[in-house]
Amino acid sequence: GKKIEPKSHDIQLDHVSFSYDKRKIIDDVSMSIPEKTTTAIVGPSGGGKSTLCNLIARFWDVDEGEVSLGGINVKDYSMNSLMNNFAFVFQRVYLFADTIENNIKFGNQEATHEQVVMAAKKACCHEFISQLPDGYNTVIGEGGATLSGGEKQRISIARAIMKDAPIIILDEATANVDPENEKELMEAIDALTKEKTIIMIAHRLKTVRNADQIVVIDKGSIVQQGTHNQLMKQEGIYKRFVDSREQAVSWKLANV
């Protein structure tokens, strides 16, 4: 691939298919993700949501069709110049056995300590880092064993803020977080995603509801696409998903 800087950050999938061990996981998917919009990908487990994100970022290559960024096939980019455009916050955060500072600086090796602190403040993790024995120089265990799930998530968000990439892929970023941490995590995600192109895999209704477009994936295909209000007028997976969530909330309230 070549070193390319795209003129825009629109993403286009054109008749994309992908199989894993002869099992088709993505089947003839076409969609547009305009620059600086939020796209939520929802659907049943095993439907192909994470695979789709992996194909967009070219962790895997498509078998058929094309993924393009800024009108250019992702296969034409060198891996470094493609990755410059993406930051990721995954459900399973990987942290290195190193200081918290270096874990955050992984998003930008040249950063100063002041920039690290600024990113940590935006990601709502400055406070808990400051309370650790060695602050930002605290060495965390392999995989971040000494931190809670919510703390690890916020460090990975600080790392992504540090990178300041134009496209953010959030894969189940709030799935494992306890309610006390959720507010801070959502604030951290808000800080990260301002003025960016967002692709989020989500199970939580409130993170999906305000997306510019919602794409429902089932058995490797797009079965519904639109805004929250449009999809609520259709019978289908999305409406059932929302109704079941709202019912679950009312059950909880009734049991209090």
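What you see is a predicted model; the values in this text were computed from it and never measured. (Residues numbered from 1 in each chain as written. Predicted model: local features only at pLDDT ≥ 70, side-chain atom pairs only at ≥ 80, totals over all residues. Heavy atoms only, no water.)

Draft legend 1. Examining the overall build of the chain more closely. A tally of helices and strands in the chain yields 10 helices and 10 strands. For 256 residues, the compact-globule formula gives about 18 Å, and the C-alpha radius of gyration of the chain, at 19 Å, lands near that figure. Taking the principal axes of the C-alpha coordinates as reference, the chain spans close to 60 × 55 × 35 Å. Taking all 256 residues of the chain together, 50% fall into the buried category. Considering only residue pairs separated by 6 or more positions, the chain has 69% of its internal contacts joining residues 24 or more positions apart. Element-wise, carbon and sulfur atoms account for 48% of the exposed surface of the chain, whose accessible area totals about 13200 Å². Each charge class in the chain was averaged separately, 30 positive and 35 negative side chains, and the resulting centres sit 2 Å apart. (Helix = DSSP H or I, 4+ residues; strand = E, 2+ residues; numbered from the N terminus. Rg over C-alpha atoms; globule rule 2.2 N^0.38 Å. Buried < 20%, exposed > 50% of the residue type's maximum accessible area, 1.4 Å probe, protein only. Contact = heavy atoms within 4.5 Å. Areas by Shrake-Rupley, 256 points an atom, 1.4 Å probe, with all protein chains shown as cover. Lys, Arg positive; Asp, Glu negative; His and termini not counted. Charge placed at Lys NZ, Arg CZ, Asp CG, Glu CD.)

Draft legend 2. Just the environment of Ala 87, in detail. Mapping Ala 87 onto the fold places it in strand β6 (residues 86-89). For Ala 87, a relative accessible area of 3% translates into the label buried. Taking C-alpha positions, Ala 87 is 8.6 Å from Leu 170, a pair spaced 83 residues apart along the chain.

Draft legend 3. A look at a nonpolar patch on the surface. Taken together, the side chains of Phe 59, Trp 60 and Phe 90 define a hydrophobic patch exposed on the protein surface, amounting to about 270 Å² of accessible area. Turning to its location among the elements, Phe 90 is positioned in the loop between β6 and α3 (100-105). (Patch = residues over 30% accessible without salt bridge, like charges linked within 9 Å, V, L, I, M, F, W, Y side chains within 5 Å. Salt bridge = Lys/Arg side-chain N within 4 Å of Asp/Glu carboxyl O.)

Draft legend 4. Up close: the sheet that holds strand β7 (residues 167-171). The 6 strands are arranged β6-β7-β8-β3-β9-β10 in an open sheet whose pairing can be described as mixed. Of all strands in the sheet, those with a lone pairing partner are β6 and β10 (221-226), marking the two edges. Pairwise comparison of adjacent strand axes, ignoring direction, gives a mean angle of 20° for this sheet. As judged from the 5 bridges shared by strand β9 (residues 213-218) and β10, these two strands associate in the antiparallel manner. Bridge pairing in β10 places Val 216 opposite Gln 224. Along the sheet face, helix α1 (residues 49-56) touches β3 (38-42), β6, β7, β8 (197-201) and β9 and points at about 150° away from the line of β8. (Pairing = 2+ DSSP bridges. Axes fitted to C-alpha atoms, helices over the stretch in contact; angles between N-to-C directions.)

Draft legend 5. How the structure looks around the pattern of salt bridges. According to the stated counting rule, one finds 6 salt bridges in the structure shown. The shortest N-O distance in the salt bridge between Lys 24 and Asp 27 comes to 3.8 Å. The shortest N-O distance in the salt bridge between Asp 218 and Lys 219 comes to 3.8 Å. Under the relative-accessibility criterion, Lys 219 is labelled exposed at 70%.

Draft legend 6. Spotlight on the packing of aromatic side chains. Under the definition given, this model contains 7 aromatic pairs. Seen in terms of ring centroids, Phe 96 and Phe 106 are 4.9 Å apart; in terms of plane orientation they differ by 50°. Their pairing is tilted. Of the two residues, Phe 96 sits in the loop between β6 and α3 while Phe 106 sits in the loop between α3 and α4 (113-122), which places them 10 residues apart along the sequence. A residue is classified by how much of its surface remains accessible, and Phe 96, at 33% relative accessible area, is partly exposed. Relative accessible area serves as the criterion here: at 44%, Phe 106 is assigned to the partly exposed category. Taking 6.0 Å as the distance between ring centres and 45° as the angle between the ring planes, the aromatic pair formed by Tyr 238 and Phe 241 counts as tilted. Of the two residues, Tyr 238 and Phe 241 are both situated in helix α10 (residues 237-255); the distance of 3 residues between them amounts to about one turn of the helix. Phe 241 carries the same exposure label as Tyr 238, and that label is buried. Taken together, the aromatic side chains of Phe 59, Phe 86, Phe 88 and Phe 90 make up a single cluster linked through ring pairs. (Phe/Tyr/Trp six-rings, centres within 6.5 Å; stacked < 30°, edge-to-face > 60°.)

Draft legend 7. Here's a closer look at the sheet that holds strand β1 (residues 11-20). On the basis of which strands lie adjacent, the open sheet formed by 4 strands has the order β2-β1-β4-β5 and antiparallel pairing. Here the strands that pair on one side only, and so sit at the sheet edges, are β2 (23-33) and β5 (72-73). One ladder, built from 5 bridges, connects β1 with strand β4 (residues 64-69); its direction is antiparallel. Looking at the pairing, Leu 13 lines up with Val 67 of β4. Those strands touched by α1 are β1, β2 and β4, and its axis lies near 60° from that of β2.

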